[in-house]
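Residue-level structure breakdown
Now for the letters of each chain:
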Amino acid sequence: MKKTNRAWSSLLLLVALMGFIRCSAGERPEISEDQWITYTGYEGPGAGKHIVLISGDEEYRSEEALPMLAQILAKKFGFTCTVLFSIDPSTGEIDANQQANIPGLANLESADLMVIFTRFRELPPDQMRHIDDYLKAGKPVVGLRTATHAFHYAKKPDDPFARYDFQSTVSGWEGGFGKLVLGETWISHHGDHGKEGTRGVVNEENAASPILNGVQDIWGPTDVYTVGRLAGADILMYGQSTSGMTADAPVNRDKPALPVAWTKRYKLPDGKSGKAFTTTMGASVDLLNEDLRRLLVNACFWAVGLENQIPEKADVAFVTPYQPTMFGFDSFIKGKRPADYRLQED
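Structure report, in brief. This is a predicted model, so every value here is computed, not measured.

With that settled, the discussion passes to helix α5 (residues 290-303). The terminal C-alpha atoms of α5 lie 20 Å apart, and with 14 residues this matches the ideal 20 Å at 1.5 Å per residue to within 8%. A distance of 3.2 Å separates the backbone nitrogen of Asp291 from a side-chain oxygen at the start of α5, and that oxygen is part of Asn289. Backbone geometry just after α5 places Gly305 at a positive phi near 85°.

Here it is as structure tokens:
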């Protein structure tokens, strides 16, 4: 019996040692793949393209919105999509309030597009360097809602990536990631948060943009963000505040319309030039609106250089049932894991 126990212990030690060697060689341990989800695209204009969608915000349920969007992009248009989440490292569960852990950012090394919907994240250098490398390479970006204030290094202001902070004053990085890459950082709520929604109005000057194909009727219950002067940007859509939280609510004429969707070029001080699309809409409940989903799908086509293949009216019907949670702090569904969003065929 003692021999058997010794043999079993030796076997366990060998397995553990092999796992250590794999990790030391740079190979991800198997368990890490359970911390994100990938939808494989097979046929369509996006076949062969890889999109990495990064969720992680406390309020607007990006952890629900991005898996839904990724399913549409993968199953209807052929993009392979990897969705990342803020994960509680002690449980492996999705935790929207976890600001310092988004596993799987190494997937950006093979990405053709980064879609980002984070808020006030303070990621450690070993994770953040993947975003930094991606942006230095001048690769395309699509930013949703709180991506204008995607990062906030409040606890570690001396972190090597603190320049990404939405309040950054570092020379060449004023306003951080939001200002430098997307065109604007967080300023304030222009609409009355939780009481006013947003009615999208196409900017007629850029109405011929293929990103606006099939986009006519956009309304969402999130309010308009304050947006200042967008230097070098092409504004695609303005947002009017609605006096109420329903699609038939009248427009508040006392508040001017402000940009809610635009494109621009970006360039990090030590990087190559790239392009970005930004919308200050995009909460999970906003994406019940068909034309807003279509705007985002079209933007992804544009971002990866497939603007000539944007459909006249892209099919953006849900792949699986979608019942988003209303926005609000600490309203995320507890106990969910990335695997809960897996599709059977994947």
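Moving on, we come to the sheet that holds strand β5 (residues 141-144). On the basis of which strands lie adjacent, the open sheet formed by ten strands has the order β1-β3-β2-β4-β5-β10-β9-β8-β6-β7 and mixed pairing. Since the sheet does not close on itself, it has two edges, and those belong to β1 (36-39) and β7 (219-220), each with one partner. Alignment of strand β6 (residues 197-202) against β7, held across two bridges, turns out to be antiparallel. Across the sheet, the residue bridging to Arg199 is Trp219, located in β7. Contacts between helix α2 (residues 62-77) and the sheet are confined to β1, β2 (50-56), β3 (80-84), β4 (113-118) and β5, with β2 contributing the most and set at about 165° to the helix. Against the sheet, α5 makes contact with β2, β4, β5, β9 (258-267) and β10 (273-279), and its axis sits at roughly 180° relative to β10, the strand it touches most.

What follows deals with the packing of aromatic side chains. Taken as a whole and assessed by the stated rule, the structure comprises twelve aromatic pairs. On the numbers, 5.8 Å between centres and 15° between planes, the contact of Phe85 with Tyr341 is stacked. Of this pair, Phe85 sits in the loop between β3 and β4 while Tyr341 sits in the segment after α5, placing them 256 residues apart in sequence. Plain terms: the ring middles of Tyr164 and Trp173 are 4.7 Å apart, the flat faces sit at 50° to each other, and that makes the pair tilted. Following the ring pairs from residue to residue traces out a cluster consisting of Phe151, Phe161, Tyr164, Trp173 and Phe177.

Before going further, it helps to examine the nonpolar core. If you look at the biggest cluster of nonpolar residues, it comprises 90 residues, and the most contacted ones within it are Leu135, Val141 and Phe177. Once residues within four sequence positions are removed from consideration, Val141 is found in contact with Leu113, Met114, Ile116, Tyr134, Leu135, Phe177, Val181, Leu182, Tyr266, Lys275, Ala276 and Phe277. Counting five residues, the second largest nonpolar core, distinct from the first, contains Val227, Leu230, Ala233 and Trp262.

Per the stated rule, a full pass over the model turns up 14 salt bridges. Close ionic contact of Glu58 with Arg119 constitutes a salt bridge, the shortest N to O distance being 2.9 Å. Placement of the pair is Glu58 in the loop between β2 and α2 and Arg119 in the loop between β4 and α3 (125-136), with a sequence separation of 61 residues. On the basis of relative accessible area, Glu58 is assigned to the buried category, the value being 7%. The partner of Arg61 in a salt bridge is Glu63, and the shortest N-O contact between them spans 2.5 Å.

Reading the values: rules and limits
- Residues numbered from 1 in each chain as written.
- Predicted model: local features only at pLDDT ≥ 70, side-chain atom pairs only at ≥ 80, totals over all residues.
- Heavy atoms only, no water.
- Helix = DSSP H or I, 4+ residues; strand = E, 2+ residues; numbered from the N terminus.
- Expected span 1.5 Å × (residues − 1).
- Polar contact = N/O pair within 3.5 Å; in protein donor to acceptor, adjacent residues only side chain to side chain.
- Pairing = 2+ DSSP bridges.
- Contact = heavy atoms within 4.5 Å.
- Axes fitted to C-alpha atoms, helices over the stretch in contact; angles between N-to-C directions.
- Phe/Tyr/Trp six-rings, centres within 6.5 Å; stacked < 30°, edge-to-face > 60°.
- Core = buried A, V, L, I, M, F, W, Y, C linked by side-chain atoms within 4.5 Å.
- Buried < 20%, exposed > 50% of the residue type's maximum accessible area, 1.4 Å probe, protein only.
- Salt bridge = Lys/Arg side-chain N within 4 Å of Asp/Glu carboxyl O.

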